[in-house]
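# Topology and contacts: notes
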Amino acid sequence: MTEQMVDERAGGESAGRRGRRGTVVIACALLLAVLLAGHRAVPNVRGLGSLVDSAVPLLGLGVPLLGLAALLRCSRRALLVVLLPALVWAGLYGRAWLPPPAVADAAAVRVASQNLRAGNPDPAATVGALAGDAPDLIGLQEVDDDARVAPALAGRYPHRTAVSTVALWSRWPIREAHGVDTGLGWDRALRAVVAAPEGDLTVYVVHLGSARAGHTATRDETVAALAGTVRADPAGRLVVLGDLNTATTDRALDPLTRLLGDAQAEAGQGFGFTWPAEVPVTRPDHVLYRGLTPTRAGVVHTPDTDHRAVTAGFRW
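Figured I'd write up the structure that's included with this text. (Residues numbered from 1 in each chain as written. Predicted model: local features only at pLDDT ≥ 70, side-chain atom pairs only at ≥ 80, totals over all residues. Heavy atoms only, no water.)

Helical periodicity: at 3.6 residues per turn, an α-helix aligns residues three or four positions apart in one direction. Relative to the 26 Å expected for 18 residues at 1.5 Å per residue, helix α4 (residues 76-93) spans 26 Å between its end C-alpha atoms, a close match to the ideal helical length. Restricting attention to buried positions, one finds in α4 the residues Ala-78, Val-81, Val-82, Pro-85, Val-88, Trp-89 and Tyr-93. Angular distribution of buried residues about the axis of α4 spans 115°; they occupy a single face of the element. Counted as exposed and oriented over 90 degrees from the buried face of α4: Arg-76, Arg-77, Leu-80, Leu-87 and Gly-91. (Helix = DSSP H or I, 4+ residues; strand = E, 2+ residues; numbered from the N terminus. Expected span 1.5 Å × (residues − 1). Buried < 20%, exposed > 50% of the residue type's maximum accessible area, 1.4 Å probe, protein only. Arc of directions from axis to C-beta.)

Here it is as structure tokens:
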């Protein structure tokens, strides 16, 4: 066999390997596009569908990785196919990264919600970090000792109500408050009516059931219970603050999101991830509402806790 024939054979084998690798990239890109577009078709067996729903915004990270693989394999065809999941992801979540609609931030009420973390060594420092946003109402979850929070809030927020490990601190009088049963066997939610200057505002502070991979039934039951309570609530202006233990992309949250708007989706920018605090990859913390117009929404990195705080402003 001549040297030229050996070179040609080696070149053919190399091109064949590149072609096979390009085929793998194409298959992965098509699979990613299908998963992005049809993630809710994944069976929710032992919470698998719920987990995929919650993680689906992060699947967009697969697009640049596949694009790089296509470039390394010098495959134009693979690179073109990678555009498909890129377009699907952009269609689903690209709008979240656009600047929110221009709305004059003349907020009649500003709210914040913070999971303090059980065992927080300095909860006063955690809530103190929210002062820069100057919320009118602060909903807290996993409150171990209310007395340790009071030094940071009592001066600015003279009104408070608490049920078990959730609490509401308010600049304005709280006319009524009571615990809310979400099916946990003990109240880990409260409902309060706040006498705001423009009128009454009903506020729920909620910490729904925990969820783990393969164990989401309790969380799902608490979502349904809260949705039933909100549906029956006659209040025209209503805000839900809290750790709902799942993302808005999760089908499990549909009973609530069919009833209420999401402040981050409508007046924020980006996904607003809150957990884990150092490198957040999902958003279990929420501000949901009805009867108001959101003007802003955001996230605050607070110390000594594993959740970032969520904030929002509303016009009456």
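Having seen the model, we can carry on.
In this fold, Arg-76 is placed in helix α4. Once the C-alpha coordinates of Arg-76 and Gly-22 are considered, the two residues, 54 residues apart in sequence, prove to be 8.8 Å apart.

The biggest cluster of nonpolar side chains holds 24 residues, and the ones touching the most others in it are Val-111, Leu-137, Leu-168, Val-203, Val-239, Val-287 and Phe-314. At the level of secondary structure, the elements contributing two or more residues to this core comprise β1 (109-115), β4 (166-170), β6 (189-196), β7 (199-207), β8 (238-243), β10 (285-290) and β12 (309-315). Of all the elements, β6 adds the most residues to this core, at four residues. Residues contacting Leu-137, with those up to four places away along its chain left out, are Val-109, Arg-110, Val-111, Ala-112, Tyr-157, Leu-168, Trp-169, Ser-170, Trp-172, Val-194, Leu-201 and Val-203. (Core = buried A, V, L, I, M, F, W, Y, C linked by side-chain atoms within 4.5 Å. Contact = heavy atoms within 4.5 Å.)

So, about the side chain of His-207. Position of His-207 relative to the elements: it lies in strand β7. With relative accessibility at 3%, the residue His-207 sits in the buried group. At 3.3 Å, the side chain of His-207 forms a polar contact with the side chain of Asp-243. Those residues in contact with His-207 that sit more than four places away from it in its chain are Asn-115, Gln-141, Glu-142, Val-166, Leu-184, Arg-188, Asp-243 and Asn-245. (Polar contact = N/O pair within 3.5 Å; in protein donor to acceptor, adjacent residues only side chain to side chain.)

The next subject is the pattern of salt bridges. This structure, assessed with the given rule, holds nine salt bridges. For Arg-160, the salt bridge identified is with Asp-146, shortest N-O distance 2.5 Å. With Arg-160 in strand β3 (residues 159-163) and Asp-146 in helix α6 (residues 146-153), this pair connects stretches of sequence that are 14 residues apart. For Arg-160, a relative accessible area of 39% gives the class partly exposed. It is possible to trace a salt-bridge network through shared partners that takes in Glu-176, Arg-191 and Asp-233. (Salt bridge = Lys/Arg side-chain N within 4 Å of Asp/Glu carboxyl O.)

On to the packing of aromatic side chains, then. Enumeration over the complete set of coordinates arrives at six aromatic pairs. Ring geometry for Trp-89 and Phe-271: centres 6.2 Å apart, planes at 90°, overall edge-to-face. You can see Trp-89 sitting in helix α4 and its partner Phe-271 sitting in the loop between α9 (263-267) and β10, a full 182 residues away along the chain. Ring plane angle 85° and centroid distance 5.3 Å describe the contact between Trp-97 and Phe-271, whose orientation is recorded as edge-to-face. Of this pair, Trp-97 sits in the loop between α4 and β1 while Phe-271 sits in the loop between α9 and β10; the two residues are 174 residues apart in sequence, bridging distant segments of the chain. (Phe/Tyr/Trp six-rings, centres within 6.5 Å; stacked < 30°, edge-to-face > 60°.)

For Pro-100, the position within the fold is in the loop between α4 and β1. The spatial distance from the C-alpha of Pro-100 to the C-alpha of Glu-266 is 7.1 Å, given a sequence separation of 166 residues. Ignoring anything within four residues of it in the chain, the contact list for Pro-100 reads Ala-267, Gly-268 and Gln-269.

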